[in-house]
Amino acid sequence: MRNLLSRFLADKSGATAIEYGLIAAGIAVVIIGTVNTLGGSLDSKFLAVNNNLGG
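Predicted, not measured: the structure shown is a model, and the values here were computed from it.

The rules behind the values
Residues numbered from 1 in each chain as written. Predicted model: local features only at pLDDT ≥ 70, side-chain atom pairs only at ≥ 80, totals over all residues. Heavy atoms only, no water. Helix = DSSP H or I, 4+ residues; strand = E, 2+ residues; numbered from the N terminus. Rg over C-alpha atoms; globule rule 2.2 N^0.38 Å. Buried < 20%, exposed > 50% of the residue type's maximum accessible area, 1.4 Å probe, protein only. Areas by Shrake-Rupley, 256 points an atom, 1.4 Å probe, with all protein chains shown as cover. Expected span 1.5 Å × (residues − 1). Patch = residues over 30% accessible without salt bridge, like charges linked within 9 Å, V, L, I, M, F, W, Y side chains within 5 Å. Salt bridge = Lys/Arg side-chain N within 4 Å of Asp/Glu carboxyl O.

**Student:** How do you make sense of the overall build of the chain when you look at a structure like this?
**Tutor:** If you tally the helices and strands in the chain, you get two helices and zero strands. Taking 55 residues into account, the globule formula puts the C-alpha radius of gyration at 10 Å, and the chain, at 24 Å, lies well above it. Overall, the C-alpha framework of the chain stretches about 75 × 15 × 10 Å when taken along its three principal axes. Within the chain, the proportion of its 55 residues that are buried is 0%. For the chain, the computed accessible surface area is about 5000 Å², with 69% contributed by carbon and sulfur atoms.

Here it is, written out as C-alpha cells:
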C-alpha cells in the first residue's frame, strides 16, 4: 500500500493533463470572445447591406 501511495504521489502525468486542459480552456475562451465580438459587428454590417439593397 505504501508503494502504491508513493508511486501515485510521484506521478506527474495527471498534472500535465490538467495543464493542457487549462491551456485549451483558455484558448477556447479567447476564441469565443473573438467570435462574439466579430459576430455582433458582422451582424450590423449585413443588416446595413440588406437595408441598402431594399430588403
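So, next bit.
**Student:** Where do I start with helix H2 (residues 13–52) in this structure?
**Tutor:** Along an α-helix, residues three or four apart share an orientation, since each turn contains 3.6 residues. Here H2 spans 58 Å end to end across 40 residues, near enough to the 58 Å set by a 1.5 Å rise per residue. Taken from the residues just after H2, Gly54 is the one with a positive phi, measuring 90°.

**Student:** What is the right way to look at the environment of Gly26 in this model?
**Tutor:** Locating Gly26 in the fold gives a position in helix H2. Of the residues examined, Gly26 reaches a relative accessible area of 35% and is grouped as partly exposed.

**Student:** What am I meant to see in the environment of Lys45 here?
**Tutor:** The topology assignment puts Lys45 in helix H2. On a C-alpha basis, the gap between Lys45 and Asp11 in space is 53 Å, while along the polypeptide they are 34 residues apart.

**Student:** Would you mind going over the environment of Ala10 with me for this structure?
**Tutor:** For Ala10, the location among the structural elements is in helix H1 (residues 2–10). Using a relative accessible area of 54% as the deciding quantity, one classes Ala10 as exposed. C-alpha of Ala10 to C-alpha of Val29: the two residues are 19 residues apart in sequence and 32 Å apart in space.

**Student:** Please explain a nonpolar patch on the surface as it appears in this structure.
**Tutor:** A contiguous nonpolar patch, built from Tyr20, Ile23, Ile27, Ile31 and Val35 and spanning about 530 Å² of accessible area, is present on the exposed surface. Position of Ile23 among the secondary structure elements: in helix H2.

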